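Coordinate analysis (summary)
Now for the letters of each chain:
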Amino acid sequence: SFRTGEIYLNAAEAAVHLNKLSEARGRLLKLIENRYTPEGYTLKKNEIEAMSQEALLAEIQEERTKELAFEGHRWFDLRRTTRPRIEKVLKGGTYVLEQDDQRYTIQIPREAIAANPELSN
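A brief report on the enclosed structure follows. (Residues numbered from 1 in each chain as written. Predicted model: local features only at pLDDT ≥ 70, side-chain atom pairs only at ≥ 80, totals over all residues. Heavy atoms only, no water.)

A few points about the pairing of strand S1 (residues 86-90)
Within S1, only zero of the five residues are buried, which leaves the element largely exposed. With five bridges joining them, S1 and strand S2 (residues 93-97) adopt antiparallel strand pairing. By the bridge assignment, leucine 90 is partnered in S2 with glycine 93. Counted between consecutive antiparallel strands, the loop separating S1 from S2 contains two residues, among which lysine 91 sits at a positive phi close to 50°. (Buried < 20%, exposed > 50% of the residue type's maximum accessible area, 1.4 Å probe, protein only. Helix = DSSP H or I, 4+ residues; strand = E, 2+ residues; numbered from the N terminus. Pairing = 2+ DSSP bridges.)

Okay, here's the thing in structure tokens:
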């Protein structure tokens, strides 16, 4: 299922990539308009209206992080965009996923390929 917030963010991100900055700003502002007081919204709107394409994309990605927190989107967003180096320390062990590591791509299970050999292509 999709939530309205996710659809607005997807549309805003796509518009930025297509250099339709006015459309991207409109989608993002529609999403956040009820999150701020009227004064706060006006300040945020002015900030967004002045953003470059790169800054607007970063703002949309930051909103994705907030809007879709705890919904399982973060891994897919990282895979789809930057694939950064991630280092975690857990119970005394250090685990590293290097930037663009092949583990960012999840293999199709063997059982699925056995059931449908066309998946191996």
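Observations concerning the nonpolar core
Counting residues in hydrophobic clusters, the biggest one holds 16 residues, and the most contacted among them are Val16, Leu28, Ile32, Ile48, Leu56 and Ile60. No other element matches helix H2 (residues 21-32), which puts six residues into this core. When residues no more than four places from it in sequence are discounted, the contact partners of isoleucine 60 are Leu9, Ala12, Glu13, Val16 and Leu28. (Core = buried A, V, L, I, M, F, W, Y, C linked by side-chain atoms within 4.5 Å. Contact = heavy atoms within 4.5 Å.)

Structural notes on helix H3 (residues 38-49)
Its twelve residues place the ends of H3 16 Å apart at the C-alpha level, agreeing with the 16 Å of an ideal helix rising 1.5 Å per residue. Along H3, the residues that are buried comprise Gly40, Tyr41, Lys44 and Ile48. Viewed end-on, H3 has its buried residues packed into an arc of 95°, placing them on one side of the element. Within H3, the exposed residues directed more than 90 degrees away from the buried face are Pro38, Glu39 and Leu43. At its buried positions, H3 is contacted by H2 and helix H4 (53-67). (Expected span 1.5 Å × (residues − 1). Arc of directions from axis to C-beta.)

Some remarks on the packing of H2 against H4
Direction vectors running N to C along H2 and H4 enclose 30°, while the axes themselves pass 11 Å from each other. With respect to H4, the axis of H2 lies roughly parallel. For the crossing formed where H2 meets H4, the hand is left-handed. Taken together, the residues of H4 that come into contact with H2 (itself represented by Leu21, Ala24, Arg25, Leu28, Leu31 and Ile32) are Gln53, Leu56, Glu59, Ile60, Glu63 and Glu67. (Axes fitted to C-alpha atoms, helices over the stretch in contact; angles between N-to-C directions. Parallel < 35°, antiparallel > 145°, perpendicular 65-115°, else oblique. Left-handed = near helix turned anticlockwise from the far one by under 90°.)

So, the environment of proline 84
Counting through the fold element by element, proline 84 comes out in the loop between helix H5 (74-80) and S1. Judged by relative accessible area, proline 84 falls into the partly exposed class, the value being 25%. In this structure, the C-alpha to C-alpha distance between proline 84 and aspartate 100, residues 16 residues apart in sequence, is 6.7 Å. With near-sequence residues (within four places) excluded, proline 84 lies in contact with Leu78, Leu97, Glu98, Gln99 and Tyr104.

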